[in-house]
Amino acid sequence: MSFNSAFLSPTPPSARERDAERAIEEHRAHVAAVCYRRANFLVLATMVLLAVPQLGLAAWSWHMVGGVGLVVTVLAVVMMIKGKVWSGVLSLIFAWGILPGWVLAAPHVVKAAQEQYRVIVDDWRRSMRLKS
């Protein structure tokens, strides 16, 4: 929110002043949107990297979560300063709540997905043999 000095003087702000205020507000919104997109990308990329067991990042999972959490926290603070408080809060929830939970849940989720894949493929193959 910017300070509106119109009540102090009888003249309303000029078109140039209004355009300058609008440009400042658009810039703040743009910076907040860029920070939000980067925070989302970092969290989602980390979740994907932690879910792939072939990469062997299990030993580094908590280090990755802490690093991404710190970067997302900085981005969330910038979002809040720029006026997008709820976007910042949502980013903090993902960085400090959902991402650590994903570290604990990812091995179980991947195992369940592999089992379901096998069941579906076996059932599909069986049904194709019966139709032939």
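Look up a bit, the structure's there.
Below you will find a few notes about this structure. Just so it is clear, the structure is predicted and the values come from calculations on it, not from any experiment.

1. Thoughts on the environment of Ile 81
Inference 1: Note that Ile 81 resides in helix H2 (residues 61-81).
Inference 2: Relative accessible area serves as the criterion here: at 57%, Ile 81 is assigned to the exposed category.
Inference 3: Separated by 49 residues in sequence, Ile 81 and Ala 32 place their C-alpha atoms 8.6 Å apart.

2. What about the environment of Trp 102?
Inference 1: Here Trp 102 shows up in helix H3 (residues 85-131).
Inference 2: Linking Trp 102 and Gln 114, residues twelve residues apart in sequence, is a C-alpha distance of 17 Å.
Inference 3: In this structure Trp 102 touches Met 47, Leu 50, Ala 51 and Val 109, once residues within four positions along its chain are discounted.

3. Here's the deal with a nonpolar patch on the surface
Inference 1: Among the surface-exposed residues, Val 48, Leu 49, Val 52 and Leu 55 lie close enough to one another that they form a single nonpolar patch of about 310 Å² accessible area.
Inference 2: With respect to the helices and strands, Val 48 occurs in helix H1 (residues 15-51).

4. What to know about the side chain of Ser 91
Inference 1: For Ser 91, the location among the structural elements is in helix H3.
Inference 2: In contact with Ser 91, other than residues within four places in its own chain, are Tyr 36, Ala 39, Val 72, Ala 76 and Met 79.

5. Observations regarding the layout of surface pockets
Inference 1: Its volume calculated, the largest pocket comes out at about 220 Å³.
Inference 2: Leu 50, Pro 53, Ala 58, Ala 106 and Pro 107 are the residues nearest the centre of the largest pocket, which is lined by 13 residues in total.
Inference 3: Elements supplying a minimum of two residues to the lining of the largest pocket: H1 and H3.
Inference 4: Per element, the largest residue contribution to the lining of the largest pocket is four residues, and it comes from H3.
Inference 5: Class assignment of the residues belonging to the lining of the largest pocket gives a composition of eleven nonpolar, two polar and no charged.

What counts as what
Residues numbered from 1 in each chain as written. Predicted model: local features only at pLDDT ≥ 70, side-chain atom pairs only at ≥ 80, totals over all residues. Heavy atoms only, no water. Helix = DSSP H or I, 4+ residues; strand = E, 2+ residues; numbered from the N terminus. Buried < 20%, exposed > 50% of the residue type's maximum accessible area, 1.4 Å probe, protein only. Contact = heavy atoms within 4.5 Å. Patch = residues over 30% accessible without salt bridge, like charges linked within 9 Å, V, L, I, M, F, W, Y side chains within 5 Å. Areas by Shrake-Rupley, 256 points an atom, 1.4 Å probe, with all protein chains shown as cover. Salt bridge = Lys/Arg side-chain N within 4 Å of Asp/Glu carboxyl O. 1 Å grid on protein atoms, 1.4 Å probe; cavity = no way out; pocket = protein on both sides within 12 Å on 5 of 7 lines; lining within 4 Å. Points joined across faces, edges and corners; volume = space filled by probe spheres on them. Nonpolar A, V, L, I, M, F, W, Y, C, P; charged D, E, K, R; others polar.

Treat this as a map of the structure, not an account of what it does.
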